[in-house]
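Examination of the molecular architecture
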Amino acid sequence: MVQRKGSTRVSEDAEELVRVPLQAILLADSFAQKFRPITLERPKVLLPLVNVPMIDYTLAWLESAGIEEVFVFCCAHSKQVINYLENSHWVSLPHFEVTTIESHNSVSAGDALRLIYERHVIHGDFVLITGDTVSNMSLTQALQEHKDRRKKDNNAVMTMVIKRSKPSPITHQSRLGTDELFMAIDPHTKQLLYYEDKADHLKGTLSLEKMLLADNPSISLHNDKQDCYIDICSPEVLSIFTDNFDYQHLRRHFIKGLLVDDIMGYKIFTHEIHSNYAARIDNFRSYDTISKDIIQRWTYPLVPDVQFLGNCAAKLERQGMYRALDIGQSRSAQIGPFSIIGNGTNIGDNTKISNSVIGERCTIGSNVSIEGSYIWDNVTIEDGCVLKHAIVCNDVIMKSGAVLEPGVILSFKVVIGQEFVVPAYSKVSLLQQPTKQDSDEELEYADHNSGVEEIPSITSTVDKLNGVLTCKLPETEAWSTSEVGSGGVGYIWSICEGGHEEEWRHSVAPTPADKLTEVMQATDDDLELTTQGSNVLLPSGELVPDSNSNISEDDDNEDSRDDSVYFEKEVEATFLRAVHENVKEDHVILEVNSLRLSYNMTSADCAGALFYSVMKLALETPCNSNSELLKNVASVITRWQKLIKSYLQSMDEEIEVILKFEEMCLESAKEFSALFAQILHILYEKDILQEDAILKWASEKEGAEESDRVFVKQSEKFIQWLNEASEEED
Amino acid sequence: MDFQVVVLAGGTSKKLVPLVSKEVPKALLPVANRPVLSYVLELLEHSNLKDLIVVVEGQDAALRVGGWISGAYVDRLHVEVAAVPEDVGTAGALRAIAHHLTANDILVVSGDLVCDVSPGAVAAAHRRHGAAVTAMLCSVPVSGPLESGSSSGKDKTKKPGCCNIIGLDPTKQFLLYIATGPEIERDIRVQKSILRAVGQMEIRADLMDAHLYAFKRAVLQEVLDQKDAFQSLQQDVLPYLVRSQLRSELSLNGAPHTEENGHDKVVPGINQVMLSQLLAKTSTPSFHELYAMGPNGSAPVRRTHKCCVYIASQDKYCARLNSIQAFSDINRDVIGEASHLSGYSFSAQNNIIHPSAELGSKTTVGQNCMLGEGSQLGDKCSVKRSVIGRHCRIGSNVKVVNSVVMNHVTISDGCSIQGSVICSNAQLQERVVLKDCQVGAGFVVTSGSEYKGEFLAKKER
């Protein structure tokens, strides 16, 4: 036995020589804006989760899992993160080295990894994790699996940790509030074959390449797994990111990139954990869920009454109640189950607290009701306030009688006026909602970036920041009383983009019942839609199953029709972004070109789709009369003339534009139908359409049915004029 | 009457020309000197399913099949033979005989199935789940230690993607997706709604639809009535039922319930059974029931039906005689590895030689061979892994390897036959060499000719 051990030792020696300490990359930036407005003032990783900053959970886990060297990548609020770490216990631990890497211009995880690659600090397999992950899993087995696979196959570059968690059948969200995830995994090798997290809800089917089955006799499709965002990576991962400079997002680009174009043959594997805990705080919903998991001790030993580094002692009492040693609690106050009260907090008479986390040094008055809420440090809640499923940041003052409806977020130092009712799902901050200006970023990640961009502190104006954000701190006396009640301080952010409709999905508050039924109704409708679609799609069904070839053609047609609808939508979205964010035309062209490639469209399709978007923009500009509409059209076309023109290489595309315009007039934008001839004239004047194209279109329509010739007739005069003009030229 | 069995015996399949003819419809093709249909009939008889409707395409074929059945099974089975027009498809055939169907559940079996999986087990699985349809799946035969003779075409058929692509739930009881491999262009499209409801789906390419289904009669009739374009059970009806299982368009869900409820009131005994069934169900509700439930676990708001599978275990034999290749394979298997199916008892040499067969001197008949009644072999012949039918006359110095020789075939001296099928009444003159050929009924191969991989049949066809 001893002998054998010795002999294997020798063979491993070569490996031993290059052995490097087990490393980890911790991204202390989520490159997302889901925790706004809180993250405008403090980085997400420093936000308290059950009274301990999130990053401490991650670091504590890394340390316990045997990681020896951690590189903390800081981007947004990097100074705060670095300061925090320097003053923490983490820097003084033996066998655990924490190094920070600072960057100011990384806008994505991809950028971060590219930067780390350039530093040449990673020498072996490493754990890639974000600073908002809570876990108690043991890495040994996953690491071993990863290493064994690597020995057999050098292309196995990544092992990703997954956990069972079935999304809600109604909202299609996991309990962490993330979108449902579809994965295909080889049940034997555990290789990941398919990954779709931003599920396209419009598509009722999942398309797997048939070739997958040629290699694997069986595949498991999963909708019941959750991605823990803990990845064990080989050093190649960094170089893959460097080679593919367009990879930004770890999942959307990297994973999908490796899975879809397997040119390089890299493989990703999964490791499923069963009894251990691992979850990432992605949004407010997961903040709520994970907090509860911690209080209910699923994350043991990372629980409030165990002193892992950085937290202070609390005592576990019956019913899952944790109380710090030094609190002042009135006898008549009722503290319900699954709550935690921080050090130095005072609670007044007849106050009821349940399922909530109260931070340190808070003052809570009498007759307050707190349910399912997260109160951070130094918060003052005066008498008679009611809080339900809210997050209240440091130094907030709630004047007596104020009410927080479910889902409210109060950012730092906000003051809520007396008796004021903050409506559900509102986000209140001292900072005004940033309005994006002159974003010269050509990538969509620009938005992700701007959210967590350095905003050093609330007192400094943010004008330095490339003009990406404009936030100013107004004079205190300028606070309007209307916004958060008399004596209140703060702005209620208007809900943008996702819209109010979707706000409940990611909120701390549980999903309201009426939403559930609403969504359920919607899914039922969806279901009918998709199944109708699939009836046509599947090579059988109502179609005459006589000739197989016919059916497959139909299948294709349906498919391409689908695709062209999506394509049009995407082009429109791109164009609108260009309009609203002042994106340069060249960039729009680039984006449209890439869309064209990915949807396999012709340039005529691009021209049609772009023209459609432009006209739609003109239509949406408010106007009172036809002449005003015409003016709008003229101005919009002048503005985007160059863009459209760049897709009109030949007559075919121009004709496509005319046909598209006709179609619009008939279907989606009947407002234009009266102005057809005039707009045609504008298009001609602006050089978008050549006379040849118009004449050809007219002559093509010659033989068409009467109904099809309405617009030709309308523009008869113009065409005649063109005809004469060309004759004159001759 | 519990289960009614429909055997779809087909007609004269074009795929099997020149083996089939007007005289020999597909159902009567010999497998180890017995019509292939007899395997299904005996299988059913074993499961005590004796009430059968045999559906044959074409009047002539029906007459022949009927004649044979009445001769062979006169006092063992209660068989009705129904003729349907040719090319109506399997669904069309069922539609044509729908008025004969009266039992609650219908077992539909393809007449070309040669297997030893008990249909009773399929029926039981069907009943247990109260499924709308239950399909039997068997594993695709892995190319085992096949001996030399297997032709090159063999490997092709075994490639994945050529058989079915099947999606199963983790318990392997429910059918969630089914498609025929070659029909899929590029992508396998899986409905998300089903995947959501189940959570996990296993997609397999190593299973084959054995064409043995149990249907609820009401479901079958409703689908056949409503979707008159459906022609094939396997390609239209089953996929339709599978993909609509979570938003059932069938009215049956209401109907049988009330039916059963009616039963309950009449017979209190059954009530007990129903209750226990219900209890059993509530303990582990299937995803169908969970899905059907309202948001608060209230009464079902969605209509669903279940599509179940019965997966035959690996060691069972299961094959369908649907190609010439399959014909040769099955013949070889039935006297070889799956010899228990043949129903004969093998000799010590592991072959079957009918007592009335005559063998010349120095003639050897190897393992896994069969020699039919009254056949004669000349001197110095060698027969290996082959089936020789009744009343064949085989000259001297003839080699027959890996082949099937049907009845009344004359093979003259010095012929060599490898991997071929010789149909009844064919004649091979002297020194014919055949490799991987099919010789049609009554065809005469002139002396000295050599063929490789060809169909030899009378021109008129």
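Shown above is the structure to which this text applies.
Here is a short report on the structure shown in this document. (Residues numbered from 1 in each chain as written. Chains lettered and ligands numbered in written order. Predicted model: local features only at pLDDT ≥ 70, side-chain atom pairs only at ≥ 80, totals over all residues. Heavy atoms only, no water.)

1. Thoughts on the overall build of chain A
A tally of helices and strands in chain A yields 22 helices and 36 strands. Residues counted as buried form 53% of the 730 residues belonging to chain A. Considering only residue pairs separated by 6 or more positions, chain A has 59% of its internal contacts joining residues 24 or more positions apart. Total accessible area on chain A is roughly 32500 Å²; 50% of this is exposed by carbon and sulfur atoms. (Helix = DSSP H or I, 4+ residues; strand = E, 2+ residues; numbered from the N terminus. Buried < 20%, exposed > 50% of the residue type's maximum accessible area, 1.4 Å probe, protein only. Contact = heavy atoms within 4.5 Å. Areas by Shrake-Rupley, 256 points an atom, 1.4 Å probe, with all protein chains shown as cover.)

2. Some thoughts on the packing of helix α3 (residues 89-96) of chain B against helix α8 (residues 233-243) of chain B
All names here are of chain B. Closest axis-to-axis distance for the α3/α8 pair is 7 Å, and the angle between their directions is 75 degrees. For the element pair α3 / α8, the angle class is roughly perpendicular. Side by side, α3 and α8 meet where Thr90, Ala91 and Leu94 of the first sit next to Leu233, Gln234 and Val237 of the second. Taken together, the residues of the contact of α3 with α8 sort by class into 4 nonpolar, 2 polar and no charged. (Axes fitted to C-alpha atoms, helices over the stretch in contact; angles between N-to-C directions. Parallel < 35°, antiparallel > 145°, perpendicular 65-115°, else oblique. Nonpolar A, V, L, I, M, F, W, Y, C, P; charged D, E, K, R; others polar.)

3. Describing helix α8 (residues 250-260) of chain A
The element α8 of chain A is largely enclosed, with a buried count of 8 among its 11 residues. Looking at α8 of chain A, one finds that the buried residues are Leu250, Arg251, His253, Phe254, Ile255, Gly257, Leu258 and Leu259 of chain A.

4. Topic: the pairing of strand β12 (residues 200-204) of chain B
For β12 of chain B, the tally of buried residues reaches 5 of 5 residues, placing the bulk of the element in the interior. Here β12 of chain B shows a buried face lined by Gln200, Glu202 and Arg204 of chain B and a second buried face lined by Met201 and Ile203 of chain B. Relative to β12 of chain B, strand β12 (residues 218-222) of chain A runs antiparallel, the two sharing 5 bridges. Looking at the pairing, Leu221 of chain A lines up with Met201 of chain B of β12 of chain B. Of the strand pairs in this sheet, strand β9 (residues 164-168) of chain B and β12 of chain B are connected by 3 bridges, and their pairing is antiparallel. Counterpart to Leu168 of chain B in the pairing with β12 of chain B is Glu202 of chain B. (Pairing = 2+ DSSP bridges.)

5. Some points on unusual backbone geometry
Residue and element names in this part refer to chain A. Look at the link from Arg36 to Pro37: it is a cis peptide, with omega at 0 degrees. Counting through the fold element by element, Pro37 comes out in the loop between β1 (23-27) and β2 (48-49). Positive phi, normally seen in glycine, also occurs at Asp395, with a value near 65 degrees. One can find Asp395 in the loop between β29 (391-392) and β30 (397-398).

6. Considerations on the environment of Ile165 of chain B
Within the secondary structure, Ile165 of chain B is located in strand β9. For Ile165 of chain B, a relative accessible area of 1% gives the class buried.

7. Description of the packing of helix α16 (residues 603-620) of chain A against helix α17 (residues 626-645) of chain A
Residue and element names in this part refer to chain A. Here α16 crosses α17 at 145 degrees, and the two axes come no closer than 8 Å. As α16 packs across α17, the resulting crossing turns out to be right-handed. Residue-level contacts link Leu610, Val614, Met615, Leu617, Ala618 and Leu619 of α16 to Leu629, Asn632, Val633, Val636, Ile637, Trp640, Leu643 and Ile644 of α17. Class assignment for the residues of the contact of α16 with α17 results in 13 nonpolar, 1 polar and no charged. (Left-handed = near helix turned anticlockwise from the far one by under 90°.)

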